[in-house]
Amino acid sequence: MTPSQASRSTPPTTSADIRQAYLDFFQQRGHKLRASSSLVPEGDPTLLFTTAGMVQMKDYFLGRTKAPAPRMTSCQKCFRTTDIDSVGDSKHLTFFEMLGNFSVGDYFKKEAVAWAWEFVTDVLKLPKERLWATVYLDDDEAYGYWRALGVPEERMRRYGESDNWWGPPGDEGPCGPCSEIHYDFGAEYGCGKPGCGEPSCPCGRFVELWNLVFMQFYQDKQKKRTPLPKPNIDTGAGLERFSAVQQGKRTVYDTDVFQPLLRGIARLAGTTYDKDESADYAMRVVAEHARGVTFLIADGVTPGNEGRGYVLRRILRRAVRFGKKAGLKSPFVGQIAQAVIERMGKQYPELVRQRESILRVIGEEETRFSETLDAGMAILNESLLDAGIRGDHTLLGTEVFRLHDTYGFPPELTEEIARERGFTIDRAGYEREMEAQRERARASTKFTVGERGSVDAYQRFAKSGLRFVGYDTKRHKSKVVGILAGGAPVQGAEKGQEVEVVLQETPFYAEGGGQVGDTGVLRGPRGVIQVTDTQRPLADVFIHRGKVVEGGVAVGDSMDAEVDAARRDDIASNHTGTHLLHAALRKVLGPQVRQAGSLVAPERLRFDFSQLVALAPEELSQVQALVNDKVRQDVPVRYKVLPYAQAVAEGALAFFGEKYGDEVRVVEVDGDADAFSRELCGGTHVARTGVIGLCLVVSESSVGSGMRRVEALTGRAAEAHVQSRLGLLERVARQLQATPDTLDARVKALQDELDKERKRASALERDVAKRAVESLLADVRQGDGVNVLAARVPASTTEALRETGDWLKAKLKSCVLVMGAVIEEQPRFVVMVTPDLVQKGYHAGDIVKKVAAVAGGGGGGRPELAQAGGKQKDKLDEALRLVPQFVKRS
Ligand code: SER
């Protein structure tokens, strides 16, 4: 009997059983089960995270893609950022699971209402008198359905847009009126103020259990609503809230979802939960954020300073700070993440798959932040004190920025701490500092200002209607509209001068989107300019940097601009290669792969992407094989210019954080409907993939936490690489008197031979040493009334030195042994004391310290065995000579 069958007689109580009962209930009513999609919405840069079950259904509702079934149900992982600062109280969550049922143009209000009612009253068996229903102001239809099911008028309410209208998620999207089921914990939990006693009172007496959205409109950025092709149903119920009411608890933190985590955290902190409210608050923050962090990383988010990465960083750091308050010692977040993985890994196998990476990313980030947390707190305390003395109770923007920049305090964290002490922060001042820093970074990485003048110098060309014409041509005649020398505008320049030339139209591609700038020549009536780089200091200003190599140039000249064609062809080959590689990586590793940066140069390409673990060799060869299949198929590469929203709707990969204009260029490889690759891209590409010839991945490595880098070669560079590797193979084979085919076996044979020889040599060495050591027995002296032997030993490793010692000890029975040798150019000592002498108070560690000190070193160890190194090898003998003085009881 499944839990849900059981639920007909016994209502489900655990969160796992409730989830199952819900999904079973809707599957029995013809709904297709959909797996939860990623927390990172696919191909939808308008949305930071998946915030509801409907996110993966959006395109079906909009009629852009055909739904796999008209009725669907899911338990969707969701993440909301709006309440981060409130997490810790007993209500708010960032990460939660949303149960939902969806109709794509199939059933509508009547069924949605009836099934929701049946589920809560018949499956969950919630007492009807505790349930309320709300509808949108004029939604008489929904009102009527609830009434027909027996909900009395006194437990029904009509609310306006702020309560009973849902969506759109993000800037634009589907939306509609909604109807909600609320649960009443009872008058004893109310605030008693006027208006308490109905669901709209925020005091906590009521909890919203289920939201049924009647998805009927599309709302655009201007907030204009147009009816959707067909009305749809989107419902959402928080699993954690269902769990609370089923388990008879007031808050989600008292349920089986959080209690095991909270108990674990309390144990780590050496306390118990539910003893002290401020400690409980801190522990709730830790539990909630650790859970969120675990799920975000599993879906490919890595800590960063923007977008999703920033949210992850912010909650992880908030967890570390509150953990400290609760008495936890860093690192601790990883331990809680482990507990999350154990509890939820069955439902979300990605947690188990990514366990290692989750723990690694958390570990790195937590260590980094906890190192600066104390220092940052000290600075913050001082700044708050200053602000108090100044009497304005506002933390200066420069201080908030410094805490962020030097100590890793997200401004929201600083703000929260300040608020706890009755202060505010100067947010605008902070933003100004940030902007200034961004400007500095832009200036230093993107564009060299200073000796070449400031960005202002280029402003004058911004409205000149300059155009890039180089997608289809590498040569073009155009007019010089400006010349800069040393950053200042000039009318002309002569041979030998470094200049920046602005043309009305140019076939030269300016560095952007990872692709390097073009080089080439500009030929005019007066002379020739060799262009060594093309840049774009402002969106519509292209400048050619180079040197006048013949004659001169003047503003107004007509010039024949010619791009270095072979170089551009190599670049194009690498750029298309990058797109193929990106598509292949997503096909092999999964859609969580996200581009993080790229370099497209003539001689190579580099592609950085979010991926937590290293690629297995077979994955890498699979990626390369997929790319080269496409190369051999010689498929066309096409581009089109589309409105941004349409491009994204058609599935073009766009990346959060990138800025795109209203019109975007979409580059497609192979096919229209089902393109192998489709990306928003302004770069230059080959016309057909066959031109690439061959794509070779030459390295795969890590670049920071959660980020991998692949480097590859295409075309001529790939050929040259193969050529040089084959040459190397030939040369090595010849040196080893083999052929490339027999090289493997030859190397193996040589290795075996070497191993055998090594063993023989060390046996001989040991033999020689033993003989030499035997002669040492004669050197035993008396010191402090015991046998002392100090000797230089012909050993080449510390192990050999110790082995000699063991052997001597066995012979001498009762002694203090001090042996020295020069190992890898440094003096090394091993001291041994037999047990009887240890009993008497001789200590090898003490002795070795004194001996090594003579040779400029130090060391230590146990009473019976100790070793040390020194710096001056020529002091070795002297140290050994002095040994008898050092042998003293301690
Ligand atoms: N989209 C609605 C919500 O998030 C119902 O799923 O509440």
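In this text, all values refer to a predicted model and were calculated from it rather than measured experimentally.

Rules and cut-offs
- Residues numbered from 1 in each chain as written.
- Predicted model: local features only at pLDDT ≥ 70, side-chain atom pairs only at ≥ 80, totals over all residues.
- Heavy atoms only, no water.
- Near = heavy atom within 4 Å.
- Polar contact = N/O pair within 3.5 Å; in protein donor to acceptor, adjacent residues only side chain to side chain.
- Helix = DSSP H or I, 4+ residues; strand = E, 2+ residues; numbered from the N terminus.
- Nonpolar A, V, L, I, M, F, W, Y, C, P; charged D, E, K, R; others polar.
- Pairing = 2+ DSSP bridges.
- Axes fitted to C-alpha atoms, helices over the stretch in contact; angles between N-to-C directions.
- Contact = heavy atoms within 4.5 Å.
- Buried < 20%, exposed > 50% of the residue type's maximum accessible area, 1.4 Å probe, protein only.
- Right-handed = clockwise from strand over helix to strand, strands pointing away.
- 1 Å grid on protein atoms, 1.4 Å probe; cavity = no way out; pocket = protein on both sides within 12 Å on 5 of 7 lines; lining within 4 Å.
- Points joined across faces, edges and corners; volume = space filled by probe spheres on them.
- Core = buried A, V, L, I, M, F, W, Y, C linked by side-chain atoms within 4.5 Å.
- Phe/Tyr/Trp six-rings, centres within 6.5 Å; stacked < 30°, edge-to-face > 60°.
- pLDDT = per-residue confidence, 0-100.

Caption draft 1: Representation of the site of the ligand. Near the ligand, the surroundings consist of Ala52, Met54, Arg80, Met98, Trp166, Asn211, Val213, Asp234, Thr235 and Gly236. Separating an oxygen atom of the ligand from a side-chain N or O atom of arginine 80 is a distance of 3.1 Å. One of the backbone nitrogen or oxygen atoms of glycine 236 is found 3.1 Å away from an oxygen atom of the ligand. Breaking the shell around the ligand down by element, the ones donating at least two residues are β8 (206-219) and β9 (225-238). For the shell around the ligand, the element with the highest residue contribution is β9, accounting for 3 residues. Of the residues contributing to the shell around the ligand, the split by class is 5 nonpolar, 3 polar and 2 charged.

Caption draft 2: A look at the pairing of strand β5 (residues 156-159). When strand β4 (residues 131-136) meets β5, the two strands line up parallel, connected through 4 bridges. Each residue of the ladder has a partner; that of threonine 134, found in β5, is arginine 157.

Caption draft 3: Structural detail: the sheet that holds strand β26 (residues 677-680). Spatial ordering of the open sheet is given by β24-β25-β26, a layout of 3 strands whose pairing is antiparallel. Edge strands, defined here as strands with exactly one partner in the open sheet, are β24 (637-643) and β26. In this sheet, adjacent strand axes meet at a mean angle of 25 degrees when their direction is disregarded. As paired strands, strand β25 (residues 663-669) and β26 are joined by 4 bridges and run antiparallel to one another. When the bridges of β26 are listed, valine 669 appears paired with serine 677. Packed onto the sheet, helix α18 (residues 565-589) meets β24, β25 and β26 and runs at close to 115 degrees relative to β26.

Caption draft 4: Highlighting the pairing of strand β31 (residues 816-823). The element β31 is largely enclosed, with a buried count of 7 among its 8 residues. Judged from the 5 bridges that link them, strand β30 (residues 786-792) and β31 form a sheet pairing that is parallel. Each bridged residue has a counterpart across the sheet, and for arginine 792 the counterpart in β31 is glycine 820. Tracing the backbone out of β30, into helix α23 (residues 798-812) and back to the parallel element β31 gives a crossover that is right-handed. Of the pairings in the sheet, the one linking β31 to strand β32 (residues 826-833) comprises 8 bridges and is antiparallel in character. The residue of β32 that forms the bridge with valine 818 is valine 831. Connecting the antiparallel pair β31 and β32 is a turn made up of 2 residues, with glutamate 824 showing a positive phi of about 45 degrees.

Caption draft 5: Up close: the environment of tryptophan 210. Residue placement: tryptophan 210 occurs in strand β8. Between the C-alpha atoms of tryptophan 210 and aspartate 784, which are 574 residues apart in sequence, the distance is 88 Å. Here the side chain of tryptophan 210 touches threonine 235 through a polar contact of 3.0 Å, side chain to side chain.

Caption draft 6: Focus on empty space enclosed by the protein. Counted according to the given criterion, the structure contains 1 cavity of 30 Å³ or more. Space inside the largest cavity adds up to approximately 30 Å³. Lining the largest cavity, in full, are Asp570, Ser573, Asn574, Pro602, Thr714, Arg716 and Ala717. Those elements that place two or more of their residues in the lining of the largest cavity are α18 and α21 (715-735).

Caption draft 7: Representation of helix α14 (residues 397-407). Among the residues making up α14, those that are buried are Gly397, Glu399, Val400, Phe401, Leu403, His404 and Tyr407. Glycine 408 sits one or two positions beyond α14 and adopts a positive phi of about 70 degrees.

Caption draft 8: Looking closely at the nonpolar core. Counting 135 residues, the largest nonpolar core has Phe119, Val120, Trp146, Leu209, Trp210, Phe242 and Phe409 as its most contacted members. Considering each element in turn, this core owes the most residues, 12 residues, to helix α9 (residues 277-298). Apart from residues no more than four positions distant in its own chain, phenylalanine 119 is found in contact with Ile18, Ala21, Tyr22, Phe25, Leu124, Trp210 and Phe242. Val588, Leu589, Val593 and Val635 belong to the second-largest nonpolar core, a separate cluster that totals 29 residues.

Caption draft 9: Quick look at the packing of aromatic side chains. All told, the structure shown has 29 aromatic pairs when counted by the stated rule. Relative to phenylalanine 119, the ring of phenylalanine 25 has its centre 5.3 Å away and its plane inclined at 70 degrees; by these criteria the two rings are edge-to-face. Here phenylalanine 119 lies in helix α4 (residues 109-123) and phenylalanine 25 lies in helix α2 (residues 15-28), a separation of 94 residues in the sequence. Phenylalanine 25 sits in the buried class, given a relative accessible area of 2%. Looking at phenylalanine 119, the relative accessible area reads 0%, which means it is buried. Pairing tryptophan 117 with tryptophan 146 gives two aromatic rings, centres 6.2 Å apart and planes at 80 degrees, and the pair type is edge-to-face. Separated by 29 residues along the polypeptide, tryptophan 117 in helix α4 and tryptophan 146 in helix α5 (residues 140-148) bring together distant segments of the chain.

Caption draft 10: Spotlight on unusual backbone geometry. In this structure, the amide linkage connecting glycine 167 to the following residue, proline 168, adopts the cis form with an omega of 0 degrees. When you line up the elements, proline 168 lands in the loop between β6 (165-166) and β7 (173-184). The phi dihedral of histidine 393 falls on the positive side, at around 50 degrees, and the residue is not glycine. Among the secondary structure elements, histidine 393 is positioned in the loop between α13 (355-390) and β10 (394-395). Its relative accessible area of 37% is what places histidine 393 among the partly exposed residues.

Caption draft 11: Spatial organisation of the confidence of the model for the protein chain. This prediction gives the protein chain a mean pLDDT of 90; 95% of its residues lie at or above 70. For residues 1-7, every residue scores under 50 in pLDDT, and the model assigns this stretch 11 contacts once sequence neighbours within four places are set aside. Residue range residues 444-453 is modelled with pLDDT below 50. Its contacts to residues more than four positions away, or to other chains, number 22 contacts.

Caption draft 12: Examining the environment of threonine 689 more closely. Tracing the backbone through its elements, the reader meets threonine 689 in the loop between β26 and β27 (695-702). Along the backbone, threonine 689 and valine 87 are 602 residues apart, and their C-alpha atoms lie at a distance of 51 Å. If we skip the residues at most four places from it in the chain, threonine 689 touches Leu580, Lys630, Val631, Asp634, Val635, Val637 and Val669.

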